[in-house]
Every structure is written in C-alpha cells, then in structure tokens.
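Structure at a glance
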Amino acid sequence: MENIEQRVKKIVAEQLGVNESEIKNESSFVDDLGADSLDTVELVMALEEEFECEIPDEEAEKITSVQQAIDYVNANVKK
Amino acid sequence: MSFSLEGQVALVTGASRGIGRAVALELGRLGATVVGTATSEAGAADIDKAIADAGMKGAGMMLNVTDAAACEALVGEVEKRFGVVGILVNNAGITRDNLAMRMKDEEWDAVVDTNLRAVFRMSKLVMRGMMKARAGRIINITSVVASSGNPGQANYAAAKAGVAGMARALARELGSRNITVNCVAPGFIDTDMTRALPDAARDALLGNIALGRLGRPEEIAGAVAFLASPAAAYVTGTTLHVNGGMYMS
C-alpha cells in the first residue's frame, strides 16, 4: 500500500497533468503547478473519492498546497 | 458531422407532456438512453411506456424539481442504473400568469423556484460527472418572452431570462471541461400550456408569427437534439430561437 503522501501526489499529477517528479510537498496548486480555480475544485473532488471522505467547502478552500492536502487527509481520514 | 447520441445518457425534466416528451423521444431516437421525469407516478409510468414502446433504452421517473433532496436522489439513481448523465435538458416549467399589479408573492416565487432555481440545482448535480468525463451538454428550455416580454408574465419572463444569463455564466465556467451550456427559446408551441390561453390572445399572437402557424413540440425537439449532438460541439452560451419568426433579434 502506498502512503498518503504518494497517493496525494499521484492524484495531483493526474488531475493537473503535471509530472510527479515536479511535485514537491510545498508546491502550491495555483502558483507552482498551474491550476486554475476549477482545477482546485476538481482536485478536492478527486481527493474525496480517493480517500472516501467528504471535505466541507470551508476546509477545501484552505487546501492550496500539496502539504496542506496531505495534512488534511492525515488529520481527517480514518486509516 | 454526426447527430448520433449513441452511448449517451440524457436526462429530461418535465417529460410527460408537450415539449419535454417530444425532446425525450427525439434524443432516444438518436440513440441516447433517456430518463424522463414527471411530477406524478402516473406521468412517470407514461414516459416509461412511451420509451419502451418506441424500443428505446431508458425510464420514466418521478421528480419534483423544487425538492432538492429528491433531485439529488434522482441523479444518483440515474447514474447508478444507466451511467453518468452526459446530456441534461432542463425543461420542467410552470406558469402563474397575472398582471404585475395583481401578482402575488406566491405566484412570483413558484415560477422563479421551478423555472430558475431548480435549473441551477439540476445543472449543479450533473456537473460533477460531466467534469470528470470532460464532456457534457446542458440545454435549458427558455422562452421567447424572455426576449420579447409579455404582459402578465413578469415572473415567467424574469425566470427565463435569468436562465439565459446563468447559461452564459456556466458556459464560461465549464467550457474548459468541454461542457457546453445553451438555451432553446420556443415561441408559440401547440402544448397544454398554450392551449390554456384565451382565443383572442391566441389570434393576436398568430398574427405576429412570420410562418403564420403554431410550432409543434417536435420542432423544438429538433433544436435540442442539434445542441446535444456532436454537430454542435462548438456552440456554447447561446440561445437558439425556434419561434417561426415571431421574434427576431
């Protein structure tokens, strides 16, 4: 089983069409990885599906970087 | 250019009569799996039978579009039974005509709730699947009166014009995901809704129609089918007027 960091990065790569090697933990979706606002909504949808959870809108707005996504999953998803 | 809808799942609200029924059957004829909704069980059964009799895939289902929970459940069921909705036709609509001076809040609210708010609700529910599929067609049935105005229909004209504005916003929001959002604006079509008009009003309206006759529901269905088809891939944010020349912009 891959760890959460790897799973998050894989989803980010697929969703934003970037190479996994370009994705760093501190990468911002919009500033570093070229995401637009709709991309970030889709990314949250993809995270919800991968980790079988529902991310409330007010939480989703705070997830703007790879590390924040990893932290959210670690804190809120039952393993 | 292809007009085939083979392999697509289409959802048509208000499909038991008039324009909605004609649209559902036309999309089915072009190969789509069609789910048509009606506000009553009898209406849903009727759609079910019409789809089966025509040898098409799909079903009739009951839905009140002003019931948010029911809308969510319905879209879930359609996706479970038939797959992701690729074509949404927001057709369900009501009228509560009255001169503005006499129009009650309830008449305004009922029309705006069904004809505008519910259109957004249904569109939002199918968006997720369409975004993931990187394809989708949202087609709203509006009305000529959104452009021309009509005495006694301040509520209806406002709601329908609202839908057209919303469609343009959604077209811009969703264009990058290959989802198109358009409206078809019927003129004076021979349906139960227009049969309720007094004779004098009908005659006056007919005098203003270049083609000199009422439209048929099938003639609206043809326009919807075009917008749903691969042939209309580059059409978005627009309103296609189908009114026999009753209004020309």
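Residues numbered from 1 in each chain as written. Chains lettered and ligands numbered in written order. Predicted model: local features only at pLDDT ≥ 70, side-chain atom pairs only at ≥ 80, totals over all residues. Heavy atoms only, no water.

Note the threshold: UniProt positions are given in the numbering used here, feature names are shortened, and annotations may be inferred rather than shown by experiment.
As recorded in an unreviewed UniProt entry, chain B goes by the name 3-oxoacyl-[acyl-carrier-protein] reductase, listed as coming from Thauera phenolivorans. In its Function (unreviewed entry) section, the UniProt entry covering chain B states "Catalyzes the NADPH-dependent reduction of beta-ketoacyl-ACP substrates to beta-hydroxyacyl-ACP products, the first reductive step in the elongation cycle of fatty acid biosynthesis." Checking UniProt for chain B, the heading Pathway (unreviewed entry) contains the comment "Lipid metabolism; fatty acid biosynthesis."

Going by the annotation in an unreviewed UniProt entry, the name recorded for chain A is Acyl carrier protein, with Thauera phenolivorans given as the source organism. According to its UniProt record, chain A has this under Subcellular location (unreviewed entry): "Cytoplasm". Word for word, the UniProt comment on chain A under Sequence similarities (unreviewed entry) is "Belongs to the acyl carrier protein (ACP) family."

**Looking at the overall build of chain B**
Applicable threshold: For helices the rule is a DSSP run of H or I covering at least 4 residues; for strands it is a run of E covering at least 2, with both sets numbered from the N terminus onward. We compute the radius of gyration over the C-alpha atoms and compare it with the globule rule, which gives 2.2 Å times the number of residues raised to the power 0.38. Each residue is assigned to one of three classes by its accessible area relative to the maximum for its type, calculated with a 1.4 Å probe on protein chains only: buried under 20%, partly exposed between the two thresholds, exposed over 50%. Residue contacts are defined here by distance: any two heavy atoms, one from each residue, within 4.5 Å place the two residues in contact. Under the convention used here, Asp and Glu are negative, Lys and Arg are positive, and both His and the chain ends fall outside the count. Taken as the charge location is NZ of Lys, CZ of Arg, CG of Asp or CD of Glu.
On a plain count of helices and strands, chain B comes out with nine helices and seven strands. For 249 residues, the compact-globule formula gives about 18 Å, and the C-alpha radius of gyration of chain B, at 17 Å, lands near that figure. Once the C-alpha set of chain B is aligned to its principal axes, its extents read approximately 45 × 40 × 40 Å. Expressed as a percentage of the 249 residues in chain B, the buried residues total 48%. Partitioning the intrachain contacts of chain B with sequence separation of at least 6 by distance along the chain shows that 72% fall at a separation of at least 24. Chain B carries 25 positive and 23 negative side-chain charges, and their two centres are separated by 7 Å.

**Considering the pattern of salt bridges**
Pairing of side chains with opposite charge becomes possible as their charged atoms draw close. Formally: The term salt bridge refers to a pairing of a side-chain nitrogen on Lys or Arg with a carboxyl oxygen on Asp or Glu at a separation within 4 Å.
By the definition in use, this model includes 21 salt bridges over all chains. The closest approach of N and O atoms between arginine 81 of chain B and glutamate 77 of chain B, which form a salt bridge, is 3.6 Å. Here arginine 81 of chain B pairs with glutamate 77 of chain B, and both are found in helix H3 (residues 68-81), just four residues apart, close to one helical turn. For glutamate 219 of chain B, the salt bridge identified is with arginine 216 of chain B, shortest N-O distance 3.6 Å. For glutamate 219 of chain B, a relative accessible area of 27% puts it in the partly exposed group. Three or more residues are tied together by salt bridges with common partners; here these are Asp36, Asp39 and Glu42 of chain A together with Arg134 and Arg177 of chain B.

**Some words on the sheet that holds strand S7 (residues 239-242) of chain B**
In a beta sheet, neighbouring strands are held together by backbone hydrogen bonds and run either parallel or antiparallel to one another. Residue and element names in this part refer to chain B. Short version of the rule: Here, strands pair whenever DSSP counts at least two bridges between them. In this analysis an axis means a line fitted to C-alpha atoms, helices contributing only their contacting stretch, and an angle means the value between N-to-C directions, from 0 to 180 degrees.
Here seven strands make up an open sheet; going across it, the order is S3-S2-S1-S4-S5-S6-S7 and the pairing parallel. Since the sheet does not close on itself, it has two edges, and those belong to strand S3 (58-62) and S7, each with one partner. When strand polarity is set aside, the average angle formed by the axes of neighbouring strands in this sheet is 15 degrees. In this structure, strand S6 (residues 179-186) lies alongside S7, joined through four bridges in parallel fashion. When the sheet's bridge partners are listed, valine 184 is paired in S7 with leucine 240. The strands touched by helix H1 (residues 18-29) are strand S1 (9-12), strand S2 (33-38), strand S4 (87-90) and S6; relative to S1, the strand with the most contacts, the crossing angle is about 175 degrees.

**Examining the nonpolar core**
All names here are of chain B. The line we're drawing: Only buried Ala, Val, Leu, Ile, Met, Phe, Trp, Tyr and Cys residues count toward a nonpolar core, and they belong to the same one when joined by side-chain atoms within 4.5 Å.
Of all hydrophobic cores here, the largest spans 33 residues; its most connected members are Leu11, Met122, Leu174 and Val181. Looking at this core, the elements that each hand over two or more residues are S1, S3, H3, helix H4 (105-133), helix H6 (154-174) and S6. What methionine 122 contacts, discounting residues up to four positions off in sequence, is Leu11, Thr13, Leu63, Val65, Cys71, Leu74, Val75, Leu88 and Asn90. Core analysis: the second largest hydrophobic core is formed by 31 residues, Ile141, Ile189, Ala221 and Ala228 among them.

**Describing unusual backbone geometry**
Here glutamate 52 of chain A, not a glycine, exhibits a phi torsion of approximately 45 degrees, which is positive. Taking the relative accessible area as the measure of exposure, glutamate 52 of chain A reaches 75% and is therefore exposed. In the Ramachandran plot, asparagine 178 of chain B falls in the positive-phi region, its phi being about 65 degrees despite a non-glycine side chain. Structurally, the position occupied by asparagine 178 of chain B is in the loop between H6 and S6. Taking relative accessible area as the criterion, asparagine 178 of chain B reaches 45% and is therefore assigned partly exposed.

**Some remarks on the UniProt feature "modified residue: O-(pantetheine 4'-phosphoryl)serine" (unreviewed entry) in chain A**
Residue and element names in this part refer to chain A. As annotated by UniProt and renumbered to match this structure, "modified residue: O-(pantetheine 4'-phosphoryl)serine" (unreviewed entry) occupies Ser37. One can find serine 37 in helix H2 (residues 37-50). The class of serine 37 is exposed, set by a relative accessible area of 58%.

**Re the interface of chain B and chain A**
Reports of interface size often rely on the accessible area that becomes lost once the parts have come together. This is how the line gets drawn: Simply put, the buried area is the total loss of 1.4 Å probe accessible area from both parts when two parts are fitted together. In protein, a polar contact means a hydrogen-donor-capable atom and an acceptor-capable atom, both N or O and within 3.5 Å, with residues adjacent in sequence counting only if both atoms are side-chain atoms; elsewhere, any N or O pair within 3.5 Å suffices. Only Asp, Glu, Lys and Arg are considered charged in this grouping, and only Ala, Val, Leu, Ile, Met, Phe, Trp, Tyr, Cys and Pro are considered nonpolar; every other residue, Gly among them, is considered polar.
With eight residues of chain B at the contact, the number on the chain A side is eight residues. Carbon and sulfur atoms supply 43% of the area buried between chain B and chain A, which totals about 710 Å² over both sides. Of all residues in chain B, the largest losses of buried area upon contact with chain A belong to Arg128, Met131 and Arg177 of chain B, amounting jointly to 65% of the total for that side. On the surface where chain B and chain A come into contact, there are six salt bridges. Here aspartate 39 of chain A ties to arginine 177 of chain B by a salt bridge, and the two come within 2.5 Å at their closest N and O atoms. In this structure, the connection of chain B to chain A is made through five residue pairs in polar contact (both at pLDDT 80 or more). At the level of elements, H4 and H6 of chain B are the ones that each hand at least two residues to the side of chain B that touches chain A. In terms of residues, the side of chain B that touches chain A owes the most to one element, H4 of chain B, which gives three residues. The residue makeup of the side of chain B that touches chain A, split by class, is two nonpolar, one polar and five charged.

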